[in-house]
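Spelled out from the first residue to the last, the chains are:
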Amino acid sequence: LEWDHLAGYETTKQEIKDTIILPLKHPEIYDSVARNTRRFKAGNRPRAVLFEGPPGTGKTTSARIIASKANAKLVYVPIESIMTKWYGESSRNLAKIFNRAHDLGDVILFLDEIDSLAGRREDIHEATRRVLSVLLRKLDGFTPEEKVITIGATNRKVDLDPALLRRFEATINFPLPSVDERAAIYSVYAKQLKPDEVSKLASNSEGFSGSDIKNVCVKTERRWASQL
């Protein structure tokens, strides 16, 4: 995947490059800077980054692009693949995922809808609390030298446990697209339209996410194909 697959979001893309991709591709430079600025040995490469934003704004697509650009393996972890009805099994599943990622080398570990997994401790039941404890321990356990970056995605940062939020060294925001970004997204999925037509659609799509725009265009394609 290339950045062209995610239209607009230039500020977000640059933040991703600076925070995640460059440290993975050039760890020696980041380590050299840390050696020359810090009295005690410590890394400056992120171990955990939070992607925050409404659904359909490109968080998962960005994780795929990051893995491609950094030549890293992408381990996509939907929450339903972890949680089970058996006591203690969910926390063991999560621990196994982290252990396996540790063995794979350069890895982007993408935890989707992390708010469903790690809400505030006073609001979750015992089994989920155990999963949260494992997650906190695993995020603490990775050393700065390891080229494993955990990315958590959420559309409800306010629901995350404060202890977990402290483990994320950076938060990258994925807002709903602006009118210019909506126009750019329409141009990706409706290349046959003229600039003024794209601008009109973008102006009439206030509040749409990139995924919403894609769905509108795909639905229109199907309707036109059925008429043909």
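The structure we're discussing is the one just above.
As a starting point, this report considers the structure included with it. Sequence positions are assigned chain by chain, starting from 1 and proceeding in written order. Note on the predicted model: pLDDT of at least 70 is required for a residue's local features to be given, and 80 or more for side-chain atom pairs to be given and counted; whole-chain, interface and lining totals, by contrast, use all residues. Only hydrogens and water are set aside; all other atoms, that is, all heavy atoms of the structure, feed into the side-chain values.

1. Remarks on unusual backbone geometry
1) Next: Even without glycine at this site, Tyr9 takes up a positive phi of about 55°.
2) Next: Secondary structure is summarised from DSSP: a helix means a run of H or I of at least four residues, a strand means a run of E of at least two, and numbering begins at the N terminus for each. As for its placement among the helices and strands, Tyr9 is situated in the segment before helix H1 (10-25).
3) Next: The phi dihedral of Asn71 is positive, around 55°, even though this residue is not glycine.
4) Next: Within the secondary structure, Asn71 is located in the loop between helix H3 (59-69) and strand S2 (73-77).

2. Digging into the pattern of salt bridges
1) Next: A pair is scored as a salt bridge if a Lys or Arg side-chain nitrogen falls within 4 Å of a carboxyl oxygen belonging to Asp or Glu. One pass over the structure, following the stated rule, counts 5 salt bridges.
2) Next: Between Lys13 and Glu10 there is a salt bridge, with its nearest N and O atoms 3.5 Å apart. Taken together, the residues span about one helical turn, with Lys13 and Glu10 both in helix H1 at a distance of 3 residues.
3) Next: With a closest N to O distance of 2.8 Å, Asp140 and Arg167 form a salt bridge. Note that Asp140 is positioned in helix H5 (residues 126-141) and Arg167 in helix H6 (residues 162-167), a separation of 27 residues in sequence.
4) Next: Its relative accessible area of 43% is what places Asp140 among the partly exposed residues.
5) Next: Exposure remark for Arg167: the relative accessible area of 23% places this residue in the partly exposed category. The rule is simple: take the accessible area with a 1.4 Å probe, protein chains only, and divide by the maximum for that residue type; under 20% is buried, over 50% is exposed, in between is partly exposed.

3. Quick word on the nonpolar core
1) Next: For this analysis, a nonpolar core means a set of buried residues of the types Ala, Val, Leu, Ile, Met, Phe, Trp, Tyr and Cys, connected via side-chain atoms within 4.5 Å. Counting 26 residues, the largest nonpolar core has Leu94, Phe98, Leu109, Ile114, Leu117, Leu135 and Leu164 as its most contacted members.
2) Next: Those elements that provide at least two residues to this core are strand S1 (48-52), helix H4 (89-104), strand S3 (107-111), H5 and H6.
3) Next: Sorting elements by how many residues they give to this core places H5 first, with 6 residues.
4) Next: Membership of the second largest hydrophobic core comes to 23 residues, among which are Ile21, Phe51, Ala153 and Phe174.

4. Remarks on the packing of helix H7 (residues 179-189) against helix H8 (residues 195-203)
1) Next: Every angle, taken between N-to-C directions, lies between 0 and 180 degrees, and every axis is a line fitted to C-alpha atoms, over only the stretch in contact when it is a helix. In contact at an axis separation of 8 Å, H7 and H8 are set at 125° when each is read in the N-to-C sense. What the angle tells us is that H7 and H8 run oblique. Here the hand of the crossing between H7 and H8 comes out right-handed. Taking contact as the criterion, the partners of Val179, Arg182, Ala183, Tyr186 and Ser187 in H7 are, on H8, Val198, Leu201, Ala202 and Ser203.
2) Next: Following the grouping adopted for this structure description, the nonpolar residues are Ala, Val, Leu, Ile, Met, Phe, Trp, Tyr, Cys and Pro, the charged ones are Asp, Glu, Lys and Arg, and the polar ones are all others, Gly among them. For the contact of H7 with H8, the class distribution of residues is 6 nonpolar, 2 polar and 1 charged. Oblique is the label for any angle not covered by the other classes, which are roughly parallel (under 35 degrees), roughly antiparallel (over 145) and roughly perpendicular (65 to 115). Crossing handedness follows the turn of the near helix against the far one: under a right angle anticlockwise gives a left-handed crossing, and clockwise gives a right-handed one. Contacts are assigned to residue pairs that have any heavy atoms within 4.5 Å of one another.

5. A look at a positive patch on the surface
1) Next: Positive charge collects at one region of the surface, where Arg92, Lys96, Arg130 and Arg137 lie side by side.
2) Next: Elements with a minimum of two residues in the positive patch: H4 and H5.
3) Next: Looking at the element boundaries, Arg137 is found in helix H5. Patch definition: residues above 30% relative accessible area lacking any salt bridge, with like charges linked at up to 9 Å and the nonpolar side chains Val, Leu, Ile, Met, Phe, Trp and Tyr linked at up to 5 Å. The method behind every accessible area is Shrake-Rupley, applied with a 1.4 Å probe, and residues are considered shielded solely by the protein chains displayed. When charges are counted, Lys and Arg contribute as positive and Asp and Glu as negative, whereas His and the chain ends are disregarded. Taken as the charge centre is NZ of Lys, CZ of Arg, CG of Asp or CD of Glu, depending on the residue.

6. A short note on the environment of Tyr189
1) Next: Along the polypeptide, Tyr189 turns up in helix H7.
2) Next: For Tyr189, a relative accessible area of 30% corresponds to the partly exposed category.
3) Next: Linking Tyr189 and Ser203, residues 14 residues apart in sequence, is a C-alpha distance of 16 Å.
4) Next: Not counting the four nearest positions on each side in its chain, Tyr189 is found in contact with Lys214, Cys217 and Glu221.

7. Focus on the packing of aromatic side chains
1) Next: Side-chain rings of Phe, Tyr and Trp (the six-membered ring for Trp) are treated as a pair once their centres are within 6.5 Å; stacked means planes under 30 degrees apart, edge-to-face means over 60, and tilted covers the remaining angles. Tallied over the entire structure, the rule returns 3 aromatic pairs.
2) Next: Their ring planes at 50° and their centres at 4.9 Å tell us that Phe51 and Phe174 sit as a pair that is tilted. Remark: Phe174 occurs in the loop between strand S5 (170-173) and H7 and Phe51 occurs in strand S1; sequence separation between them is 123 residues. Each of the two residues, Phe51 as well as Phe174, counts as buried.
3) Next: Seen in terms of ring centroids, Tyr76 and Phe110 are 5.8 Å apart; in terms of plane orientation they differ by 20°. Their pairing is stacked. With a gap of 34 residues between them, Tyr76 in strand S2 and Phe110 in strand S3 connect regions that are remote in the sequence.
4) Next: Relative accessible area serves as the criterion here: at 40%, Tyr76 is assigned to the partly exposed category.

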